[in-house]
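Spelled out, the chains give:
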Amino acid sequence: MIKAVLFDMDGVLIDAKDWHYEALNKALDIFGMAIDRDTHLASYDGLPTRTKLNILTKSRGCPVKLHGFLNQLKQMYTMELAYARCRPVFQHRKAVNRLKDEGYKLAVCSNSIRQTIVLMMELAQLKENMDLLVSNEDVSRPKPDPEMYQKAIRYFNIDPTEALILEDNDNGVQAARASGAHVLVVGTPDDVTYERIRTAIDAASISADQR
Ligand SMILES: [Mg+2]
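### A few points about unusual backbone geometry
In step 1: Residue K143 is joined to P144 through a cis peptide bond whose omega torsion reads 15 degrees.
In step 2: If you trace the backbone, P144 turns up in the loop between strand 3 (132–134) and helix 7 (147–155).
In step 3: Unusually for a residue other than glycine, Q125 sits at a positive phi of about 55 degrees.
In step 4: On the basis of neighbour counts, which here come to 16 C-beta atoms within 10 Å, the residue Q125 falls in the partly exposed class.
In step 5: Its identity as a non-glycine residue notwithstanding, N157 has a phi of 55 degrees, on the positive side.
In step 6: Counting through the fold element by element, N157 comes out in the loop between helix 7 and strand 4 (163–167).

Written as structure tokens, this is what we have:
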């Protein structure tokens, strides 16, 4: 039986894929190191900024001594874009409210830094219903490692099979599957509805009965 629903943030509850791309590029552009959209989608999407900068150092020779500054600048641009574009989405608020009323434990587990998660969840009016926020600062290994999902599962004191995780991209899905939880893969935040989550919860319960 499912007892907790764990949400990835970007691409699941927040349509922020492009924001992270734009914010990083705006910072990199100062040093003439912009990444094109296809490369970002193929090799960088869903990874923490620090990991992205490490890849840039290996592939394009981005100096390590710039990482701190680039990271700070990127986070600042991300916050700006969040204030400008992040709005509550009715179907997400409805889903989260209803799941909460039904007694499910709810968490966001994201490769973003804590400040970004808190801001985006507040702007989207989803934060008050979340029991737990896990950021890349709360773990030693970000996704695709399952550590942040394992941390949430331990926090709720449940078995991995009692959790349903919503994820949208390869790194996240890999982390979610490795945690041993049930996984609902979504294409975009538009796919995140109460009805779809309910169907996935019911399917997970049926598979548990048949075990
Ligand atoms: Mg994602």
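### Remarks on the nonpolar core
In step 1: By size, the foremost hydrophobic cluster in this structure holds 51 residues, and its most contacted members are L6, L13, M120, Y149 and I165.
In step 2: Per-element accounting of this core gives the leading share, five residues, to helix 1 (residues 17–29).
In step 3: Of the domains in this structure, domain 1 (4–15 + 87–209) and domain 2 (17–85) are the two that each give at least three residues to this core.
In step 4: Leave out the neighbours within four places in its chain, and I165 touches L6, Y149, A176, A181 and V183.

Reading guide: rules and limits
- Residues numbered from 1 in each chain as written.
- Predicted model: local features only at pLDDT ≥ 70, side-chain atom pairs only at ≥ 80, totals over all residues.
- Helix = DSSP H or I, 4+ residues; strand = E, 2+ residues; numbered from the N terminus.
- Buried ≥ 20, exposed ≤ 12 C-beta atoms within 10 Å, placed from the backbone.
- Core = buried A, V, L, I, M, F, W, Y, C linked by C-beta atoms within 7 Å.
- Domains from an automatic or database assignment.
- Contact = placed C-beta atoms within 7 Å.

Geometry only, nothing functional implied.
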